[in-house]
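Chain and residue survey
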Amino acid sequence: MPDGKAIPNKLVIAIGGNATHPEGIKGTSEEQEEIAAKTAQALLPLAHNVKQLIITHGNGPVVGKILMRQALTRDRITPMPLDICVAHSQGGIAYLLMQAMENALREDDNPRHVACLLTQVEVDKDDPAFENPTKPIGPFFNEEDAKAVQEELGWLMAEDSGRGWRHVVPSPIPQHVCDISLVEVLAQRGTIVIAGGGGGIPVIRGAKGVRHGVSAVVDKDLTSALMGNVLGIDTFMILTATPKVAINFGKPDQQFLDRVTLSEIRALNAEGHFPPGSMGPKIDASIRFPEGGGQPVIIADLEQAMDALNGKTGTHIVRDDG
């Protein structure tokens, strides 16, 4: 790590949805199994060395395809609401990742178990996100096709960071991770826990604790930061498809960040360096995590996970007193 500390005993990792289901693939089961196997290999050194390891993952590309599949068959099969689609994506992605990680561990003669927990996350029914959908999910479209999809299906489409047009849905702030005590117990037993996938299944809590699903996709980085704070985990890794966070991204004066303080990243965020459809949510989570007592936050390429944890690469965000 940057200051020479040993491998942490507790670690929460958030893997980006585009890292588990990158652009340019058809999404076949064979492709997804291959990607899961590569992800497992990238995480294997951490699985060997971190005593309490919790993994979350994004689901944006997958849950969007689930919705599209439903839309195309809606005349024959009744579509399910978005919260159930999130549950479908959570279970499917976690299954492939769980199996791939256990296979990788067994190949290295490590008997450690991996478990996935179907996770509900409570959100506020009055969250302004329900009136302002911003979370992009599913495949990319050009502008003409996006307008056709919006007209045919009634989906709200928006341009996503210069990469194309996507379906956008509400993304309320996570308030509480349901049954997080189960995550803690499993992690303390040494089980690698996959939980909070896709940000968790969004639910609202009513009288007597009764919960109901809502149509939204919670940001997995915010859920991961919340889980880490509640469980008293100091180190939070966000693994994506970029080696470091950059300011002035894509411009001649682009600059990668190595180590930045909380106040510095707040200022850069206020200057608009991090678009809401790509790096923005990661930076929001990177601000919330140290505000909740944790540090550091490490943003790095999935393939360089261990090197990033050892301080050789990645962007490391620390509190000003850190």
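The structure displayed is predicted, hence computed values, not measured ones.

Now for empty space enclosed by the protein. Which parts of space are left empty comes out when a probe the size of a water molecule is rolled across the atoms. The final tally for this structure, using the stated rule, is three cavities of 30 Å³ or more. Lining the second largest cavity, in full, are Lys10, Gln52, Ile54, Glu184, Ala187, Gln188, Leu231 and Ile233. Of all the elements in the fold, those that place two or more residues in the lining of the second largest cavity are strand 2 (52-57) and helix 6 (180-188). Ranked by the residues each element gives to the lining of the second largest cavity, the list is headed by helix 6, at three residues. Class assignment for the residues of the lining of the second largest cavity results in four nonpolar, two polar and two charged.

Per the stated rule, a full pass over the model turns up one aromatic pair. Ring geometry for Phe236 against Phe289: centres 5.3 Å apart, planes inclined by 55 degrees, an arrangement best described as tilted. You can see Phe236 sitting in strand 12 (residues 235-240) and its partner Phe289 sitting in helix 9 (residues 280-291), a full 53 residues away along the chain. The same class applies to Phe236 as to Phe289, namely buried. Note that Arg166 overlies the ring of Phe140, its terminal NZ or CZ placed 4.6 Å from the centroid.

What counts and how
- Every chain's residues receive numbers from 1 upward, in the order its sequence appears when written.
- Only residues with pLDDT of 70 or above have their local features reported here, since the model is predicted, and side-chain atom pairs are shown and tallied only from 80 upward, although totals for entire chains, interfaces and linings are computed over all residues.
- Water and hydrogen atoms play no part in the side-chain values, which are based on all heavy atoms of the structure.
- A pocket here means an open set of points on a 1 Å grid, computed over the protein atoms alone, that has protein on both sides within 12 Å along at least five of seven lines. A cavity is instead a set of points where a 1.4 Å probe fits but cannot get out; residues with an atom within 4 Å of a point line either one.
- Grid points are joined across faces, edges and corners, and a volume is the space filled by probe spheres set on the points.
- In this description a helix means any DSSP run of H or I spanning at least four residues, a strand means any run of E spanning at least two, and both kinds are numbered starting from the N terminus.
- Residues are grouped as follows: Ala, Val, Leu, Ile, Met, Phe, Trp, Tyr, Cys and Pro are nonpolar; Asp, Glu, Lys and Arg are charged; all remaining types, including Gly, are polar.
- Pairing of aromatic rings covers Phe, Tyr and Trp, the last through its six-membered ring, and needs centres within 6.5 Å; plane angles under 30 degrees mean stacked, over 60 mean edge-to-face, and all others mean tilted.
- Residue burial is assigned from relative accessible area. The probe radius is 1.4 Å, only protein chains are included, and a residue is buried under 20% of its type maximum, exposed over 50%, and partly exposed in between.
- By the criterion adopted, a ring carries a charge over it if an Arg CZ or a Lys NZ lies within 6 Å of its centre and within 35 degrees of its normal.

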